[in-house]
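# Per-entry structural report
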Amino acid sequence: MRFTETPLKGAYLIDLEKREDERGFFARAFCVNEFETHGLDHSIVQINNSLSKDKGTLRGMHYQLAPKAETKIVRCIKGALYDVILDLRKDSETFGQSFGHEITADNRTMMYVPKGFAHGFITLSEDTEAFYMSTGFYAPELERGVRYNDPRFNIQWPITPVVVSEKDLNHPGFNEDYHLK
């Protein structure tokens, strides 16, 4: 596995290190030892799978507050998506900054999303499936979301969203008392 730190400290892109031959390839997609070597949380307790039927489906920007904050590892297993993370760690040098990267079934790249980050994506093709590993259980009482087009953060999406859930459309404008406590 190859770990590449993003401009947002603690967040990584993870690429497979393929061993190829005439049959195809073999690669590790997860290894506790390699995660520990990079100081990354690897205590996976839940794995989720989502399917978005339409190109331009936006999901996000989601996260949970402490003590139920979660680290996520996100991979696209069918189709293509543009994955975005937003640093909401109050004491971080990159607070309020976002980073996005195209992850696809073909490139097999994963996004490592640390605790304290909001996460979302927009699909770049029809019938896109995302696979999420999470270090926390879903806690609806601590669930939060930042509106994908909140002017405070100016997240740059590569295409205009076509499908956005009512829930994601109606996240409140950013307010530290609600979003960070």
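Residues numbered from 1 in each chain as written. Predicted model: local features only at pLDDT ≥ 70, side-chain atom pairs only at ≥ 80, totals over all residues. Heavy atoms only, no water.

## Some words on the overall build of the protein
Each helix and strand in the protein was counted, giving three helices and 14 strands. Its C-alpha radius of gyration of 16 Å places the protein within 12% of the 16 Å reference for a compact globule of 181 residues. For the protein, buried positions account for 47% of its 181 residues. A sequence separation of at least 24 residues applies to 77% of the contacts in the protein between residues at least 6 apart. Across the protein, 22 positive and 27 negative side-chain charges occur, with their mean positions spaced 2 Å apart. (Helix = DSSP H or I, 4+ residues; strand = E, 2+ residues; numbered from the N terminus. Rg over C-alpha atoms; globule rule 2.2 N^0.38 Å. Buried < 20%, exposed > 50% of the residue type's maximum accessible area, 1.4 Å probe, protein only. Contact = heavy atoms within 4.5 Å. Lys, Arg positive; Asp, Glu negative; His and termini not counted. Charge placed at Lys NZ, Arg CZ, Asp CG, Glu CD.)

## Notes on unusual backbone geometry
Cis geometry marks the peptide bond from Gly60 to Met61; its omega dihedral reads 5°. You will see that Asp127, though not glycine, has its phi angle at about 50°, which is positive. As for its position among the elements, Asp127 is in the loop between strand 11 (117-123) and strand 12 (128-134). One non-glycine residue with positive phi stands out, namely Asn154, at about 50°. The exposed category is assigned to Asn154, whose relative accessible area is 53%.

## Notes on the pattern of salt bridges
Across all of its chains, the model carries seven salt bridges by this definition. Between Lys90 and Glu176 there is a salt bridge, and its shortest N-O distance comes to 3.4 Å. Placement of the pair is Lys90 in the loop between strand 8 (80-87) and strand 9 (98-104) and Glu176 in helix 3 (residues 176-179), with a sequence separation of 86 residues. With relative accessibility at 30%, the residue Glu176 sits in the partly exposed group. Glu143 serves as the salt-bridge partner of Lys167, at 2.8 Å between the closest nitrogen and oxygen. With Lys167 in helix 2 (residues 166-169) and Glu143 in strand 13 (residues 143-145), the pair connects residues that are 24 residues apart, well separated along the chain. Given the relative accessible area of 45%, Lys167 is considered partly exposed. (Salt bridge = Lys/Arg side-chain N within 4 Å of Asp/Glu carboxyl O.)

## Here's the deal with the packing of aromatic side chains
Summed over all chains, the structure comprises eight aromatic pairs. Each ring, one from Phe30 and one from Phe35, has its centre 4.9 Å from the other, and the planes form 45°; the classification is tilted. The class of Phe30 is partly exposed, set by a relative accessible area of 29%. Across from the ring centre of Phe25, 4.9 Å away, lies the NZ or CZ of Lys18, which sits over that ring. (Phe/Tyr/Trp six-rings, centres within 6.5 Å; stacked < 30°, edge-to-face > 60°. Lys NZ or Arg CZ within 6 Å of the ring centre and 35° of its normal.)

## Considering the nonpolar core
Met61, Leu86, Leu88, Val146, Phe153, Ile155 and Trp157 are the most contacted members of the largest nonpolar core, which totals 21 residues. In terms of residues, this core owes the most to one element, strand 8, which gives four residues. When residues no more than four places from it in sequence are discounted, the contact partners of Trp157 are Leu58, Met61, Tyr82, Val84, Gly120, Phe121, Ile122 and Tyr148. One finds Leu13, Phe99, Val113 and Phe117 within the second-largest nonpolar core, a separate group that totals 15 residues. (Core = buried A, V, L, I, M, F, W, Y, C linked by side-chain atoms within 4.5 Å.)

## So, the pairing of strand 7 (residues 72-78)
Summarising burial for strand 7: five of the seven residues are buried, a large majority. The pairing of strand 7 with strand 10 (residues 110-113) spans four bridges and is classified as antiparallel. Within the sheet, the bridge partner assigned to Ile73 lies in strand 10 and is Tyr112. As judged from the six bridges shared by strand 7 and strand 12, these two strands associate in the antiparallel manner. Bridging from a neighbouring strand, Cys76 pairs with Ala130 of strand 12. (Pairing = 2+ DSSP bridges.)

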